Each structure stands twice: as C-alpha cells, then as structure tokens.
Amino acid sequence: MEQYIKNLVEQFRSATGNKNTDFNSEAFITEFAEWIRSRQKIGKEYTYFLDYMGLRFADKDCAEIGKGAFDTVVKPFDTKLITPATQSFEKLKMKDRIITGNMRVYEGCPVLVRHNIKGNQLDQIPSDIILTYITQNPFSQSSISGWEELHNSGNNNIIVGIYGNVFDKDEEAKIKLIESLKAKLSSDDFKEDYSTLDDKYFYAIGSKRMVKKLVKTRMR
C-alpha cells in the first residue's frame, strides 16, 4: 500500500510539476486529492475510448494489472484485478475479483508472483483463465516489461494506454512509453488510437485478437 501511494505521488509530481509532497501539508493533501478525483473522472472517459476502439476489456477473462482503488478503471465491470495494493480496495465490494500479487512475463508467459514467508511463489496463468491483460498510465517502463511478448506469442492480448490533461507536463514522456512498446510488437495485429476531448487526451494500443473464450475455471 505504501509503495502504491508513493507511485501515485510520483505520477502527481510528474504531471503537475509540483515538488511539494509533504503529507503534513494541508495544501498538498488538498491538491493531491483533487488530482486523484480528476484522474478518476478522466479514467471513466478512457473506458469509453477503449470501447470506441473496439477493445474488449470488461469481461471475466480480462485482468487489470498493478492498479489500486485510486487509479483502477474497471470497477463497474467483470474484469479481474491482479495487484499488490489490495488494501486500497478494503471498502469496496470487489473481493471476488481481486487476485493479490503481481503479473510478470517470463519467457513469453504470464506468471502470477505472490510473496510469502518462503520467498516468491510463481504460477503460470493459463490463457483460458486470463486472456487479456490491461493497464493504463504505467508507473514505469518496468510495469509493462515483456508485455510485447504476450502479444507476440499470439496466446494473450494486451491493452496499454495513457490518459490525462493536455497541459500535463509528462504527456510526452508517457506517449514515448507507449511508442516504445509498440515498436517491439512483431506483428501489426493491433489497434492504436490517440484522441483529445476538451482538455483531455487518450492514447491506447491493444491486440486485435479479441475472440471470446469460454472460461471454465477461476483463479482465487
């Protein structure tokens, strides 16, 4: 939870240029909270953008990766959430959809990494359980490390996007992050779109292989 908040604060600093991150400062708390609320509103519009693109992200065989209650965009849907920031969801009725841990890519395969007293437990995630992996506004390049392998393998789909205000100071850096991922995709079997609405921007790439599969089992 602490690392999750630190990641959000760093995104706040990058977007606004505000160097004041003192949680004892009422001014900072107010501005940070307003920024979170603003991003949540834009995040809702971002899901409309994905729907407009024809990308399937709201079903049980889709999983949002690495997000918490303050920056998830899939609360209203059936999408699963794989995240270490499970404490942020305590007040929300979403426990049946949340999987504690991290998703990492090893040799082109998605793996669920869980921490326990013996170290890390690694379990490969079958594509008939999770077909599509999505994330938005990645905290860093490492957040989507290896995601091109998921797409290139043909066994999984990916959706990676960014959104924010057009006057954000980090828009260009975030666009470069998506373009860097796009350059690693070995086929053109993906969709890409960039759009603005008023003072907001949206940009996403996603695999076009959106064939629905019957999910026979569930992860807990």
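Residues numbered from 1 in each chain as written. Predicted model: local features only at pLDDT ≥ 70, side-chain atom pairs only at ≥ 80, totals over all residues. Heavy atoms only, no water.

On inspection of all chains with the given rule, the structure shows 15 aromatic pairs. Pairing Tyr4 with Phe70 gives two aromatic rings, centres 6.2 Å apart and planes at 5°, and the pair type is stacked. Of the two residues, Tyr4 sits in helix H1 (residues 2–16) while Phe70 sits in the loop between strand E1 (62–65) and strand E2 (80–83), which places them 66 residues apart along the sequence. Geometrically, the ring pair formed by Tyr46 and Tyr163 is tilted, given 5.0 Å between the ring centres and 40° between the ring planes. Remark: Tyr163 occurs in strand E8 (residues 157–165) and Tyr46 occurs in helix H2 (residues 26–53); sequence separation between them is 117 residues. Residue class for Tyr163 comes out buried when judged on its relative accessible area of 3%. Lying over the aromatic face of Phe139, Lys67 brings its terminal NZ or CZ to 4.1 Å of the ring centre. (Phe/Tyr/Trp six-rings, centres within 6.5 Å; stacked < 30°, edge-to-face > 60°. Helix = DSSP H or I, 4+ residues; strand = E, 2+ residues; numbered from the N terminus. Buried < 20%, exposed > 50% of the residue type's maximum accessible area, 1.4 Å probe, protein only. Lys NZ or Arg CZ within 6 Å of the ring centre and 35° of its normal.)

A few words now on the sheet that holds strand E10 (residues 200–207). Hydrogen bonding along the main chain pairs the strands of a sheet, whether they run parallel or antiparallel. As summarised here, the arrangement of the seven strands in space is E3-E2-E1-E7-E8-E10-E9, forming an open sheet in which the pairing is mixed. Each end of this open sheet is capped by a strand with a single partner; those strands are strand E3 (98–100) and strand E9 (190–197). Averaged over all pairs of adjacent strands, the angle between their axes in this sheet comes to 20°, without regard to strand direction. The pairing of E8 with E10 spans seven bridges and is antiparallel. Its bridge partner lying in E10, Gly164 is registered against Tyr201. Those strands touched by H2 are strand E7 (132–136), E8, E9 and E10, and its axis lies near 135° from that of E8. Packing of helix H4 (residues 171–182) onto the sheet brings it into contact with E8, E9 and E10, and relative to E10 it is tilted by some 10°. (Pairing = 2+ DSSP bridges. Axes fitted to C-alpha atoms, helices over the stretch in contact; angles between N-to-C directions. Contact = heavy atoms within 4.5 Å.)

This part is about the nonpolar core. If you look at soluble globular proteins, the nonpolar side chains tend to sit buried side by side. Counting residues in hydrophobic clusters, the biggest one holds 26 residues, and the most contacted among them are Ile65, Ile82, Met103, Ile125, Tyr133, Trp147 and Leu181. Those elements that provide at least two residues to this core are E1, strand E4 (102–106), helix H3 (147–153), E8, H4 and E10. Those residues in contact with Met103 that sit more than four places away from it in its chain are Ile65, Ile82, Pro110, Val111, Ile125, Tyr133, Trp147 and Leu150. With 19 residues, the next largest nonpolar core counts Met53, Ala69, Ile134 and Ile159 among its residues. (Core = buried A, V, L, I, M, F, W, Y, C linked by side-chain atoms within 4.5 Å.)

Let's shift gears to H2. Its 28 residues give H2 an end-to-end C-alpha distance of 40 Å, which sits within 8% of 40 Å, the value for a rise of 1.5 Å per residue. By the burial criterion, the buried members of H2 are Phe28, Phe32, Trp35, Ile36, Arg39, Ile42, Gly43, Tyr46, Thr47, Phe49, Leu50 and Met53. Downstream of H2 by one or two residues, Gly54 has phi in the positive range, about 85°. (Expected span 1.5 Å × (residues − 1).)

Moving on, we get to the pattern of salt bridges. Summed over the entire model, instances satisfying the criterion amount to nine salt bridges. We note a salt bridge from Lys200 to Glu45, for which the minimum N-O separation is 2.9 Å. Here the residue Lys200 occupies a position in strand E10, and Glu45 occupies one in helix H2, the gap between them amounting to 155 residues. You can call Glu45 partly exposed: its relative accessible area is 22%. Lys182 is paired through a salt bridge with Glu192; the nearest N and O atoms lie 2.9 Å apart. Here the residue Lys182 occupies a position in helix H4, and Glu192 occupies one in strand E9, the gap between them amounting to ten residues. Residue class for Lys182 comes out partly exposed when judged on its relative accessible area of 25%. (Salt bridge = Lys/Arg side-chain N within 4 Å of Asp/Glu carboxyl O.)

A few words on unusual backbone geometry. Excluding glycine, a negative phi dihedral is what most residues carry, and trans is how most peptide bonds are arranged. At Asn137, a position not held by glycine, the phi torsion is positive, near 45°. You can see Asn137 is positioned in the loop between E7 and H3. The buried category is assigned to Asn137, whose relative accessible area is 7%. Located in the positive-phi region is Asp198, a residue other than glycine, with phi close to 55°. Its location among the elements puts Asp198 in the loop between E9 and E10. The exposure class of Asp198 is exposed, given its relative accessible area of 70%.

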